[in-house]
Every structure is written in C-alpha cells, then in structure tokens.
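Here's the letter readout for the chains.
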Amino acid sequence: MNNEAKFSSVHYNTYLQVDKITSAQHLRSTEVGEAAHDEMLFIITHQVYELWFKQINFELRAIISDFSARNVNEKNVGIAVSRLERIIEIMKLLVQQIRIMETMTPLDFLDFRNYLFPASGFQSLQFREMEVMLGLKEDMRTTYNNKPYHCVFSETGREKLEGLEKGNSLLDLVEDWLERTPFLEFGDFNFVAEYQKAVKAMIGKEQAAIMGTDILSEETKQMRLALLGDTNSYFAGIMDENRHNTLVREGKLKLSYKATLAALFIHLYRDEPILHQPFRLLSKLVEIDDQLTTWRYRHAQMVMRMLGKKVGTGGSSGHEYLAVTAARHHIFSDFHNVSTLLIPRSELPVLPEVFRKNLGFYFSAANT
Ligand code: HEM
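Residues numbered from 1 in each chain as written. Predicted model: local features only at pLDDT ≥ 70, side-chain atom pairs only at ≥ 80, totals over all residues. Heavy atoms only, no water.

Right, let's talk about the overall build of the protein for a bit. Within the protein one finds 18 helices and two strands. The principal-axis extent of the C-alpha atoms belonging to the protein is close to 80 × 65 × 35 Å. Counting over 368 residues, the protein shows a buried share of 41%. Partitioning the contacts of the protein with sequence separation of at least 6, the portion at a separation of at least 24 is 76%. For the protein, the distance from the average position of its 42 positive side-chain charges to the average position of its 47 negative side-chain charges is 1 Å. (Helix = DSSP H or I, 4+ residues; strand = E, 2+ residues; numbered from the N terminus. Buried < 20%, exposed > 50% of the residue type's maximum accessible area, 1.4 Å probe, protein only. Contact = heavy atoms within 4.5 Å. Lys, Arg positive; Asp, Glu negative; His and termini not counted. Charge placed at Lys NZ, Arg CZ, Asp CG, Glu CD.)

The subject of this paragraph is the coordination of the iron atom of the ligand. Within the protein, just one atom coordinates the iron atom of the ligand: His299 (NE2), at a distance of 2.2 Å. Checked against the element boundaries, His299 lands in helix 15 (residues 276-307). (Donors = N, O, S within 2.8 Å, 3.2 Å for Na, K, Ca; no water.)

Right, let's talk about helix 17 (residues 333-341) for a bit. Of the positions making up helix 17, those classed as buried are Asp334, Phe335, Val338 and Leu341. All buried residues of helix 17 lie within an arc of 100 degrees about the axis, which places them on one face of the element. (Arc of directions from axis to C-beta.)

Once that is clear, we can look at the site of the ligand. In the vicinity of the ligand there are 27 residues, among which Arg128, His299, Gly314, Ser316 and Tyr321 approach most closely. Note that an oxygen atom of the ligand is positioned 3.4 Å from one of the backbone N or O atoms of Gly315. Within the side chain of Tyr321, an N or O atom sits 2.6 Å from an oxygen atom of the ligand. Elements with a contribution of two residues or more to the shell around the ligand: helix 5 (39-67), helix 8 (125-134), helix 15 and helix 16 (319-328). In terms of residues, the shell around the ligand owes the most to one element, helix 15, which gives seven residues. Here the shell around the ligand is composed, by residue class, of 15 nonpolar, ten polar and two charged. (Near = heavy atom within 4 Å. Polar contact = N/O pair within 3.5 Å; in protein donor to acceptor, adjacent residues only side chain to side chain. Nonpolar A, V, L, I, M, F, W, Y, C, P; charged D, E, K, R; others polar.)

With that settled, consider the packing of helix 14 (residues 257-268) against helix 17. A pair of packed helices can be characterised by two numbers: the angle between their axes and the separation between those axes. The interhelical angle for the contact between helix 14 and helix 17, taken along N-to-C directions, is 60 degrees, at an axis separation of 10 Å. Judged by the angle between their axes, helix 14 and helix 17 are oblique. Between helix 14 and helix 17 lies a crossing of right-handed hand. In contact with Thr260, Ala263, Leu264 and His267 of helix 14, helix 17 contributes Phe335, Val338 and Leu341. Its residues assigned to classes, the contact of helix 14 with helix 17 shows five nonpolar, two polar and no charged. (Axes fitted to C-alpha atoms, helices over the stretch in contact; angles between N-to-C directions. Parallel < 35°, antiparallel > 145°, perpendicular 65-115°, else oblique. Left-handed = near helix turned anticlockwise from the far one by under 90°.)

With that settled, consider the pattern of salt bridges. It is possible for side chains bearing opposite charge to pair when their charged atoms get close. Applying the stated criterion to the full structure yields 17 salt bridges. Here Glu102 ties to Arg298 by a salt bridge, and the two come within 2.9 Å at their closest N and O atoms. Of the two residues, Glu102 is situated in the loop between helix 6 (74-101) and helix 7 (106-113) and Arg298 in helix 15; the sequence distance between them amounts to 196 residues. Among the ionic pairs, Glu131 bridges to Arg141, the shortest N-O distance being 2.7 Å. You can see Glu131 sitting in helix 8 and its partner Arg141 sitting in the loop between helix 8 and helix 9 (155-166), a full ten residues away along the chain. Take Glu131 and Arg141: they sit in the same class, and that class is buried. Where salt bridges share partners, they join Glu59, Asp66, Arg83 and Arg86 into one cluster. (Salt bridge = Lys/Arg side-chain N within 4 Å of Asp/Glu carboxyl O.)

For the pair helix 5 and helix 6, interaxial distance at closest approach is 10 Å and the crossing angle is 165 degrees. Regarding the angle of helix 5 to helix 6, the classification is roughly antiparallel. Between helix 5 and helix 6 the crossing geometry is left-handed. A class-by-class count of the residues in the contact of helix 5 with helix 6 yields 22 nonpolar, four polar and four charged.

As a further point, take the side chain of Thr260. Topologically, Thr260 is positioned in helix 14. Once residues within four sequence positions are removed from consideration, Thr260 is found in contact with Ile238, His244, Leu255 and Leu341.

Many authors give the size of an interface as the accessible area that is lost as the parts come together. The domain architecture assigned to the protein consists of domain 1 (3-188 + 240-367) and domain 2 (189-233). For domain 1 versus domain 2, the distance between C-alpha centres works out to 37 Å. Summed over both sides, the interface between domain 1 and domain 2 buries roughly 1,400 Å², with carbon and sulfur atoms accounting for 67% of that surface. For domain 1, the biggest contributors to the area lost against domain 2 are Ile343, Glu347 and Pro349; these three give 34% of the whole. For the interface between domain 1 and domain 2, the tally reads one salt bridge. A salt bridge links Glu347 to Lys205, with the nearest nitrogen and oxygen atoms 3.1 Å apart. Applying the counting criterion to the domain 1 and domain 2 interface returns three residue pairs in polar contact (both at pLDDT 80 or more). At the level of elements, strand 1 (185-186) and helix 14 are the ones that each hand at least two residues to the side of domain 1 that touches domain 2. For the side of domain 1 that touches domain 2, the element with the highest residue contribution is helix 14, accounting for five residues. Looking at side-chain class alone, the side of domain 1 that touches domain 2 contains 16 nonpolar, one polar and four charged residues. (Domains from an automatic or database assignment. Buried area = accessible area lost by both parts, 1.4 Å probe.)

What follows is the structure, encoded as structure tokens:
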C-alpha cells in the first residue's frame with residue numbers, strides 16, 4: 001500500500017461496513033407474511049455472538065501460534081495472559097447476553113420458531129472452532145443421535161475442523177510447555193520425592209489429630225479416618241506415574257504426569273517471582289473453563305425456559321443434551337484437579353537456597 005492510500009481518510013460507515021452489518025437481518029417470519037416482532041432480537045443476538053466468537057478465535061489463533069514455538073518466549077507468556085484475560089471478559093459478556101435473549105417469552109418465540117427448522121446452534125462453525133482450539137477432542141464429546149458433531153457442516157467446514165483437530169490445541173501446547181519446565185529437579189533437590197514426604201507427613205498429622213481428640217466419638221473418628229483414606233488415594237495418583245498413565249489412557253485425566261507435576265509445582269511455589277506469570281496463565285485457563293461452563297449451563301437453562309422438554313430444532317433432546325455437555329465438556333479440568341493436590345504453605349518442602357535464587361529475578365534485592 002502506498003503512503004497516499006495508507007493515510008487517505010476513511011468514513012466511519014465505510015470502515016466498519018455498517019451498511020453490510022445492518023442489512024444482514026432477514027426475518028423469516030416477515031418473509032412468510034407473519035411478522036414476529038421478537039425475531040429481530042433473536043437474529044441480532046446470534047449475530048453478536050458470532051462476532052464475539054470471531055474475536056475469541058482470533059485471540060486463540062495468536063496464542064496458539066506463539067505457543068507453537070519450541071521455546072516459548074517469556075514475553076509471549078505475558079502476552080498470552082493478557083489475551084486470555086480478554087477472552088474471559090468477552091465470555092462474561094456472552095453469559096450476560098443470555099439475559100437479553102430471555103426478555104423474549106416462550107410464547108413470543110413460538111411465533112417464529114417453526115420457520116427456523118432445521119437451523120440450530122449446532123451449526124455454529126465458529127463455536128466448534130473455539131472448542132477445538134481450546135482442546136475439546138472429538139472423543140471427549142457427548143454426541144446426539146450417534147452422529148459426529150461435524151456432520152452438520154459443509155465439506156469446507158468439516159475440513160477446517162479436521163485441520164484444527166489435527167493441529168495442536170491450546171491444551172496440547174500448554175502441556176508441552178509444562179513438560180519442558182526445568183524446575184522439577186535441581187541438583188540434589190527432587191521435587192516429587194520431597195513433595196511425597198510432605199504429603200505423608202501432612203496426612204500423618206491429620207490422622208494423629210483425629211485420633212488424639214476427645215471431642216469426636218469413636219464412630220466419627222473412624223468415619224473421618226476413612227475420608228482421609230480417600231484423600232490419600234487421590235494423592236496416590238500423583239505418587240505413582242503408572243497409575244496416572246492408566247487414568248490418562250482411560251480418559252479420566254488429560255494432562256501427562258510430567259505436566260501435572262509441573263502445574264503442581266507452579267501452584268505450590270507461585271510466590272516465587274519467576275512463577276508468577278506461569279501461575280497466572282494456568283489460572284486464566286481454569287477461568288475460561290469456568291466461563292464456558294457457566295455459558296453452557298445458562299444456555300441450557302434458557303432452553304428449558306423457552307422449550308421445556310421440546311426437542312431442539314437441530315434434532316437433539318434439547319435441554320437434556322445441553323445439560324450433559326455442561327457437565328462433561330470441561331477442557332482444563334486437570335488444572336482444577338491440581339487444587340486437590342495442594343498442601344498448606346507450612347507443609348511445603350523448603351527449596352534449597354541456590355534453587356530459590358534461580359527462581360527469583362536476578363535483580364531482586366533478596367539475591368544481592
Ligand atoms: C431462544 C433462544 C435459544 C434456544 C431456544 C436455543 C436452543 C438450542 C438447542 C435446543 C440446542 C441443542 C441443539 C438442537 O437440538 O438444536 C442448542 C444448541 C446450541 N445453541 Fe442455542 N438456543 C438459543 C439461543 C442461542 C444463542 C443466542 C446462541 C449463541 C450463539 C446459541 C448457541 C448454541 C450453540 C453453540 C449450540 C451448540 C451447543 C453444543 O452442542 O454444545 N443458542 N440451542
């Protein structure tokens with residue numbers, strides 16, 4: 001582009017293509033001669049969602065590109081955190097927008113619903129792209145009528161989704177990045193061994209506290225000890241790599257053993273300066289999962305309100321199907337699970353001084 005073109009003036013309407021956007025609402029009810037007032041709201045709400053999906057996917061593609069580098073530049077971790085924060089704010093808005101849709105009553109919806117068959121949110125390619133880029137794999141999905149989720153798209157759409165499925169998702173890349181964490185062993189310090197000792201000591205203390213109290217009855221003590229046994233078996237997964245790998249094979253966990261350890265380390269020692277940013281990154285992923293799940297629940301509730309037990313225009317069982325996706329389509333659940341593995345700061349293995357210096361910023365006062 002030459003300089004003249006670069007700095008030529010542009011009008012608001014032309015730049016934003018306002019005419020194109022505002023002339024893209026074609027009410028089916030009007031076309032068939034039975035104008036339904038609320039169809040305008042229905043169309044605009046969906047269009048606004050699609051625009052926000054576009055922005056989310058734009059951010060995701062940029063994060064995925066930065067994280068695809070063999071060595072993720074530290075600066076890019078900060079940029080990714082900012083972009084994830086943006087996605088989270090958009091997702092909060094997507095949840096709120098359901099309230100606007102709900103200003104339409106079920107009866108008003110029925111005025112035009114019959115003209116929508118078989119159109120459905122199922123056919124939102126951008127929504128599927130977002131899910132796949134985040135890391136929702138096909139085998140993790142709940143399907144309806146035993147059909148693959150991509151069967152509703154044209155060949156181009158299916159190819160696009162296939163391409164994304166074959167490439168690395170954000171979850172895959174964050175897993176790789178965690179696996180490269182250099183902190184788990186440092187000289188004589190072996191994080192796993194030290195952590196395991198600390199967990200055993202912590203559970204031992206809790207057992208002793210239960211047994212030693214005279215406030216609880218013998219029966220309650222036994223019940224509490226049994227519950228503690230359950231916690232113990234949860235920790236056992238992180239104590240035993242083979243057991244963890246079996247859970248991954250069974251589809252109960254997604255994150256590799258090494259990546260889980262790294263995520264745990266980052267959570268436990270997040271006060272160390274060099275771990276601030278990685279901790280924020282993992283927290284943002286959990287928040288994205290929370291927001292997406294909140295949207296799924298809210299959307300399912302809205303569907304219940306609008307349709308009751310009616311089936312969806314896309315052919316699913318409607319509310320029932322959507323409620324299952326809300327319960328099952330978690331992408332970053334393994335990062336939620338890390339909370340189960342946390343132990344109090346007072347029980348944390350003390351890091352060797354030379355190691356701590358490596359985790360601090362080289363210019364920090366403590367290291368001078
Ligand atoms: C009156 C409002 C709405 C109703 C009654 C409704 C109904 C449904 C139903 C029944 C389904 C299940 C698929 C089917 O059988 O059709 C579905 C899926 C979906 N809807 Fe909506 N919807 C509404 C608004 C919206 C809005 C505003 C969006 C925003 C884009 C949206 C996005 C989606 C998406 C992405 C799915 C696929 C979800 C999945 O498979 O995980 N829906 N909707």
